[in-house]
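# Remarks on the overall topology
Now for the letters of each chain:
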Amino acid sequence: MSTSPLPIAFSVCLFTLTLALPAPAADAPRPKPNTRDPHTPGYVTARELPDGTVPPVNADGNFIIGPTHPKAPEMTAPAGRPQGKVFTLTMKSEDSKIYPGIAREPHTFGTPDPSNPNKLDVTTSHPAPYTRRVGVYVPSQYVPGTAAPFIVGADGIDKSLFTALDNLIAAHRVPAMIAISIGNGSGDAQGSERGLEYDTMSGLYAEFVEKEVLPLVEKECGVKLTKDPDGRATMGCSSGASCALIMAWYHPELYHRVLSFSGTFVNQQWPYNPATPRGCWEMHQHLIPESPAKPLRIWMEVGDRDLLNPNVMRDDAHDWVLANEHTAQALAAKGYHYQFSFVENAGHCDGSMKQQLLPEALEYVWQGYPATGAKGK
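Below is a short write-up of the structure. (Residues numbered from 1 in each chain as written. Predicted model: local features only at pLDDT ≥ 70, side-chain atom pairs only at ≥ 80, totals over all residues. Heavy atoms only, no water.)

Here the focus is the nonpolar core. Within the largest apolar cluster, 74 residues are counted, with the highest numbers of intra-cluster contacts made by Ile180 and Val209. Broken down by element, this core gets its largest block of residues, nine residues, from helix α4 (residues 204–221). Contact partners of Val209, with chain neighbours within four places excluded, come to Val152, Ile182, Leu214, Pro215, Met247 and Tyr255. Core analysis: the next-biggest nonpolar cluster, separate from the first, contains 33 residues, Ala72, Val174, Ala179 and Trp299 among them. (Core = buried A, V, L, I, M, F, W, Y, C linked by side-chain atoms within 4.5 Å. Buried < 20%, exposed > 50% of the residue type's maximum accessible area, 1.4 Å probe, protein only. Helix = DSSP H or I, 4+ residues; strand = E, 2+ residues; numbered from the N terminus. Contact = heavy atoms within 4.5 Å.)

And the structure:
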């Protein structure tokens, strides 16, 4: 497993920044996202489904759904059905060798580098402690001592995921998996701990999970987690979704399955890295097109009112809808097994959309895993 040089370089960067902290530029007004048309020239060709329906769980390709989003029945806990046990763990920054903690000063952001439109200078980020919670769902069907498949989620305890798994596992539509919902280290975007964890283009976060989170889960929850990458999935929304894809991209020996809501496949990496100068925008612009296909199965979604350029950079690499459309194009060109839903009448990380799509997304992502009995692609 590789070890990123980021912590050393980042420490030097932080030391330099603490020597001189110029006043940050005020946040520029954020453009209001317009409602995008899925038939826009340059967007992927997609199959438009009847309103209220979701894509087949075993079909690759591009779909248009909406505009109404009925709640899937699997998102309600039925009376009398077995429910998994949920553990809540706490992790502190002082115990981490990988993420000792940073924070950006409140009400500050950063200043675009006048000589490089892809670079944001953040001078108000500094070391800071954090505490994160980790929710661990263990299904009632788990057999102690066996190595279980699992899914790692971002941004904290996801009760809706646990409910969906209770129903899908009982119906033998997905394997009896453990779900690990990891809270972020606080903040958002460039200069924050969350941004550092989720938007950095490297394998570091996956290594943090492997070295510091999974051993804690096994110890405290009395479970055993599979080492088989085909039995491991990642998921998230927004930067948590870009993190899910980044984890599998840089460590396909650890993860083969990815679930993304409103993926932040845009230029939000900090500190700046010349190897990936446009952050996660590089994923669809260069990395996927120019790399051999990896053994990944990817489900992804974007809303027609998803985010558009919500910061001061104006670098033409902050359009969430376009980023997801381009990612779908890149995956298709490389022959990946993926499913992409363009969701009408939905915003960023839209709650109604998730209540409709999450069960189908989980089934799609786990197609082909032996425990489901599914024989999909």
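On to the sheet that holds strand β2 (residues 61–65). One open sheet holds the ten strands; their spatial order is β1-β2-β16-β15-β14-β13-β10-β11-β8-β3, and the pairing between them is mixed. Single-partner strands in this sheet number two, and they are β1 (47–48) and β3 (85–92). Those strands touched by α4 are β3, β8 (131–138), β10 (150–154), β11 (178–182) and β13 (232–237), and its axis lies near 125 degrees from that of β3. Where helix α8 (residues 351–365) meets the sheet, its contacts fall on β2, β10, β13, β14 (257–261), β15 (297–305) and β16 (337–347), and the angle it forms with β15 comes to roughly 160 degrees. (Pairing = 2+ DSSP bridges. Axes fitted to C-alpha atoms, helices over the stretch in contact; angles between N-to-C directions.)

Next up on the list: the packing of aromatic side chains. Enumeration according to the criterion identifies nine aromatic pairs in this entry. Judged by centre distance (6.4 Å) and plane angle (45 degrees), the rings of Tyr43 and Phe342 are tilted. Note that Tyr43 is positioned in the loop between α1 (6–19) and β1 and Phe342 in strand β16, a separation of 299 residues in sequence. On the basis of relative accessibility, which here comes to 13%, the residue Tyr43 falls in the buried class. Taking 5.1 Å as the distance between ring centres and 70 degrees as the angle between the ring planes, the aromatic pair formed by Tyr99 and Phe208 counts as edge-to-face. Of this pair, Tyr99 sits in the loop between β3 and β4 (102–104) while Phe208 sits in helix α4, and the two are 109 residues apart along the sequence. Every member of this aromatic cluster is reached through a ring pair, and the members are Tyr99, Tyr198, Tyr205 and Phe208. Above the plane of the ring of Tyr255 lies Arg232, whose end atom (NZ or CZ) is 5.6 Å from the centre. Taking NZ or CZ as reference, Lys294 lies 4.0 Å from the ring centre of Trp249, over its face. (Phe/Tyr/Trp six-rings, centres within 6.5 Å; stacked < 30°, edge-to-face > 60°. Lys NZ or Arg CZ within 6 Å of the ring centre and 35° of its normal.)

Quick look at the packing of helix α2 (residues 159–170) against α8 now. Where α2 meets α8, the axes come as close as 10 Å, and the angle between the chain directions of the two elements is 50 degrees. Accordingly, the angle class assigned to the pair α2 and α8 is oblique. α8 is crossed by α2, and the crossing has right-handed handedness. When α2 is examined against α8, the residues Ser160, Leu161, Ala164, Leu165 and Leu168 are found in contact with a partner set consisting of Lys354, Gln355, Leu358, Pro359, Leu362 and Glu363. When grouped by side-chain class, the residues that make up the contact of α2 with α8 number seven nonpolar, two polar and two charged. (Parallel < 35°, antiparallel > 145°, perpendicular 65-115°, else oblique. Left-handed = near helix turned anticlockwise from the far one by under 90°. Nonpolar A, V, L, I, M, F, W, Y, C, P; charged D, E, K, R; others polar.)

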